[in-house]
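Observations on the three-dimensional arrangement
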Amino acid sequence: MAEVVKKYFSWIPSVSEDVVAAEIYVSEPGGNVTLASMKWRFESDSPQFQNNEVTIPDDLPGFPQVEAIYELGIMAIDDAGNKADMAVVSGPFDFDAPAPMTGLKLSDESYVVS
Amino acid sequence: MKKRYIYRRTCLGLSRLICAATFLSILLLFIPTVVSGQSVISSMTGTEYIVSGAEVTIQWDTVSNALAYEARLLMLYQEPVTYFALARIPASEVSVTFKQPRAGHFEAQVRTCKYADCHIEDPAKPEESVSGWSVSTDIDVATVDGVPMAWWIYWRLAPVTGPVISKKEVGDGGSS
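Treat the numbers as computed from the prediction; the structure is a model and nothing was measured.

1. Remarks on the overall build of chain A
Counting its regular elements, chain A contains one helix and six strands. Along the chain direction, N to C, the helices and strands of chain A fall in the order β-β-β-α-β-β-β. Within chain A, counting contacts between residues at least 6 apart in sequence, those at least 24 apart form 60% of the total.

This is the structure we're talking about:
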């Protein structure tokens, strides 16, 4: 059974009282995040919003599988649609477990029990 | 630092041109405390003050026969119409400082009162006891740096802070 190392993206929420959602953006591999980047939205009643944390890739379906350094951004949105400045952080991501080893065998001579 | 943006002016503010019918001498000025950044807003010509700080101060010209002023903020692009921070100012003062009511775009409005309490519901006082509202998006009464120009305020939404990426090994049961 292979194992991948999941990652957690967490943040300190906006102090504004009118925030109703958060949008999370991810850059292209090795690039910078922009408003045109791939994004996911979490409403205020979602556990991710309430816990200020998402699990990657579980909570971000379609998150890039290419091993690379990605930039992640998060933006608060209020009930009038105003968007706060984006908070950004970057880090390496690799959700592809290494290929399993093959060709396993026992050496006839080494393991003969007399 | 403030940014000035010139955009196409359409309907916004036109309906308010009738304001200041009684006291056209009011000129709105604006002294922002913390202004930076930029934002996009359409359909108006003027200056957008993008404010990150908590307070802004607006000023206006003295009206000779005023006994008081009233000032308020109108949130733009918001339905239903929502006003914030109504303030009553004695005639001896010609400015008021507003704390951030919330994030969003706001137009400042000021009117003159012939009664110190600005009370117009009293049937004994004529409706003319207050002026129309002079609004900051009306180029006929608003100025920026002494130049006739519409202006409005954009209070930024407080950002999320301190994002971090952490990891924890979890068996996923199948990736290879």
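2. Overview of the sheet that holds strand 2 (residues 19–26) of chain A
Residues and elements named next belong to chain A. A sheet is described by the order of its strands in space; here four strands give the open sequence 3-2-5-6, paired in antiparallel fashion. Both outer strands of the open sheet, strand 3 (38–43) and strand 6 (87–93), are each paired with one neighbouring strand and no more. Each strand axis lies, on average, 25° off the axis of its neighbour in the sheet, ignoring direction. One ladder, built from seven bridges, connects strand 2 with strand 5 (residues 68–78); its direction is antiparallel. Across the sheet, Ala 22 pairs through a bridge with Ala 76, a residue of strand 5.

3. Overview of the confidence of the model for chain B
Residues and elements named next belong to chain B. In the predicted model, chain B carries a mean pLDDT of 73, and 64% of its residues have values of at least 70. Considering each helix and strand of chain B separately, the mean pLDDT is smallest for strand 1 (residues 28–32), with a value of 63, and largest for strand 8 (residues 134–135), with 92. Low pLDDT, under 50, characterises residues 1–25; the stretch is placed with 56 contacts to residues that sit more than four places away or in other chains. Here residues 37–41 scores under 50 on pLDDT; set against residues more than four positions off or in separate chains, the count is nine contacts.

4. Some points on the nonpolar core
If you look at the biggest cluster of nonpolar residues, it comprises 54 residues, and the most contacted ones within it are Ala 22, Met 75 and Ala 76 of chain A together with Phe 106 and Ile 153 of chain B. Sorting elements by how many residues they give to this core places strand 5 of chain A first, with six residues. Those residues in contact with Met 75 of chain A that sit more than four places away from it in its chain are Ala 22, Glu 23, Lys 83, Ala 84 and Met 86 of chain A together with Val 160 of chain B.

5. Looking at the interface of chain A and chain B
In this complex, chain A contributes 34 residues to the contact, which on the side of chain B involves 25 residues. Mapped onto the side of chain A that touches chain B, the elements with two or more residues apiece are strand 1 (3–12), strand 5 and strand 6 of chain A. Per-element tally for the side of chain A that touches chain B: the top contributor is strand 1 of chain A, with 10 residues. Here the side of chain A that touches chain B is composed, by residue class, of 22 nonpolar, five polar and seven charged.

6. Some details on the pairing of strand 7 (residues 104–113) of chain B
Residues and elements named next belong to chain B. Within strand 7, 10 of the 10 residues are buried, leaving the element largely enclosed by the surrounding structure. Of the two faces of strand 7, both are covered, the one formed by Gly 104, Phe 106, Ala 108, Val 110 and Thr 112 as well as the one formed by His 105, Glu 107, Gln 109, Arg 111 and Cys 113. Here strand 4 (residues 68–75) runs beside strand 7; their pairing, made up of eight bridges, is antiparallel. Looking at strand 7, one finds that Arg 72 is bridged to Gln 109. Here strand 7 runs beside strand 11 (residues 151–155); their pairing, made up of three bridges, is antiparallel. Its bridge partner lying in strand 11, Gly 104 is registered against Trp 155. Of the pairings in the sheet, the one linking strand 7 to strand 8 comprises two bridges and is antiparallel in character. The partner of Val 110 across the bridge, within strand 8, is Ser 134.

What counts, and at which threshold
- Residues numbered from 1 in each chain as written.
- Chains lettered and ligands numbered in written order.
- Predicted model: local features only at pLDDT ≥ 70, side-chain atom pairs only at ≥ 80, totals over all residues.
- Helix = DSSP H or I, 4+ residues; strand = E, 2+ residues; numbered from the N terminus.
- Contact = placed C-beta atoms within 7 Å.
- Pairing = 2+ DSSP bridges.
- Axes fitted to C-alpha atoms, helices over the stretch in contact; angles between N-to-C directions.
- pLDDT = per-residue confidence, 0-100.
- Core = buried A, V, L, I, M, F, W, Y, C linked by C-beta atoms within 7 Å.
- Buried ≥ 20, exposed ≤ 12 C-beta atoms within 10 Å, placed from the backbone.
- Nonpolar A, V, L, I, M, F, W, Y, C, P; charged D, E, K, R; others polar.

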